[in-house]
Amino acid sequence: ISAGIVIVAAGRGERAGSSKEGPKQYRLIGGKPVIVHTLENFMTWEATTEIVVVIHPDDEALFAKAFRHIISATPITTVHGGPTRQQSVLAGLRYLKDKQISHVLIHDAVRPFFDNALLDRIAATLGDGAQAVLPAIPVTDTLKRVDSAGTVLTTVSREHVYAAQTPQSFAFGTILDAHERAAASRRSDFTDDASIAEWAGIPVTIVEGTADNVKLTVKSDIAMADDKLSISSL
Ligand code: C5P
């Protein structure tokens, strides 16, 4: 496969608290911005032909500063995102429209801890003809549904329940078309791309994700990620 990569990084990261370093994708872990770790993983993967990073218009300077860490033989371009993740992804997909790619991997900038083995599992499944591939791991916690006051209503069965990760990966024309149709239907609230494929009736195949491939969401996630990298480099 020849893969275009969309990295969405236009979120404000409000759940991680405000910081002078800006949104969490620009915080330093192991001495480098989160987004640089993410980019480097894709840059070292043989199927990557083109990378587009979707950034917030206010983050031009932050991205330029982060980008100083990067030496890439692969073309990396930035485009501006929108108010929702779905709109940011569509901006990236539209940029890739005229590129020579068969597939696209859509990834959250704030997931720096995936490896090439995961990318290879995804590519193998796409190569076998899957239109949509989702890395996911079985949920191990016991799940509770609660009311708005925080009182438990029921325990939700975790049988056959998986936690969705990224990069979510697709035949390029198929997902671009589904995204365009979702936008034309005035939907802008899909929180991942597999759910747009589901909405469009495209079968989504699961591949095994990795426990490490977490989304850095709250402030303590950044500190934990930094510790993890410092420990592994000892
Ligand atoms: O907000 P959430 O945790 O779902 O964000 C996941 C990813 O989507 C993050 O990398 C974030 O920067 C990105 N995002 C975006 N545009 C938005 C909202 C989120 O690119 N409007």
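Small disclaimer: the values here were computed from a predicted structure and weren't measured.

Rules of the game
Residues numbered from 1 in each chain as written. Predicted model: local features only at pLDDT ≥ 70, side-chain atom pairs only at ≥ 80, totals over all residues. Near = placed C-beta within 6 Å. Helix = DSSP H or I, 4+ residues; strand = E, 2+ residues; numbered from the N terminus. Core = buried A, V, L, I, M, F, W, Y, C linked by C-beta atoms within 7 Å. Buried ≥ 20, exposed ≤ 12 C-beta atoms within 10 Å, placed from the backbone. Contact = placed C-beta atoms within 7 Å. pLDDT = per-residue confidence, 0-100. Pairing = 2+ DSSP bridges. Expected span 1.5 Å × (residues − 1). Arc of directions from axis to C-beta. Axes fitted to C-alpha atoms, helices over the stretch in contact; angles between N-to-C directions. Parallel < 35°, antiparallel > 145°, perpendicular 65-115°, else oblique. Left-handed = near helix turned anticlockwise from the far one by under 90°. Nonpolar A, V, L, I, M, F, W, Y, C, P; charged D, E, K, R; others polar.

Draft legend 1. Structural context of the site of the ligand. The environment of the ligand is formed by 18 residues, the closest being Val8, Ala10, Gly11, Ser88 and Asp108. Mapped by element, the contributors of at least two residues to the shell around the ligand are β1 (3-9) and α3 (85-96).

Draft legend 2. Here's a closer look at the nonpolar core. Among the nonpolar cores identified, the biggest contains 54 residues, and Val6, Ile7, Val8, Ala9, Ile35, Val54 and Val104 are the most heavily contacted of them. Per element, the largest residue contribution to this core is six residues, and it comes from β1. Among residues more than four places away in sequence, those in contact with Val6 are Val52, Val54, Val89, Gly92, Leu93, Leu96, Val104 and Ile106.

Draft legend 3. Main features of the confidence of the model for the protein chain. With 96% of its residues at a pLDDT of 70 or more, the protein chain shows a mean pLDDT of 94. We note a pTM of 0.94 for the whole complex and an ipTM of 0.98 for its interfaces.

Draft legend 4. Fine view of the pairing of strand β11 (residues 168-171). Strand direction decides the pairing type here: strand β6 (residues 103-108) and β11, joined by four bridges, are antiparallel. Opposite His103, over in β11, you have Ala171 as the bridge partner. Sheet analysis places strand β7 (residues 132-138) next to β11, joined by two bridges and oriented antiparallel. Residue pairing in the sheet places Val133 in a bridge with Ser169 of β11.

Draft legend 5. Representation of helix α5 (residues 172-184) in the model. Look at α5: 18 Å from first C-alpha to last across 13 residues, which is about the 18 Å you get at 1.5 Å a residue. Listing the buried residues of α5 in full gives Phe172, Ile175, Ala178, His179 and Ala182. When α5 is viewed along its axis, its buried side chains cluster within an angular range of 140° and face the same direction. Contact partners of the buried residues in α5: β1, α3, β6, β11 and α6 (194-199).

Draft legend 6. Representation of the environment of Ile51. Looking at the element boundaries, Ile51 is found in strand β4 (residues 48-55). Considering only alpha carbons, one finds Ile51 and Gly150, 99 residues apart in sequence, at a separation of 42 Å. Once residues lying within four places of it in the same chain are set aside, the contact partners of Ile51 are Ile5, Ile7, Leu39, Phe42, Thr74, Pro75 and Ile76.

Draft legend 7. Molecular detail of the packing of α3 against α5. α5 packs onto α3 with a crossing angle of 135° between their chain directions and a minimal axis gap of 10 Å. On the basis of the axis angle, α3 is oblique to α5. The chirality of how α3 crosses α5 is left-handed. Residues Val89, Leu90, Leu93 and Leu96 of α3 form the contact with α5, whose own contacting residues are Phe172, Ile175, Leu176, His179 and Ala183. Grouping the constituent residues of the contact of α3 with α5 by class yields eight nonpolar, one polar and no charged.

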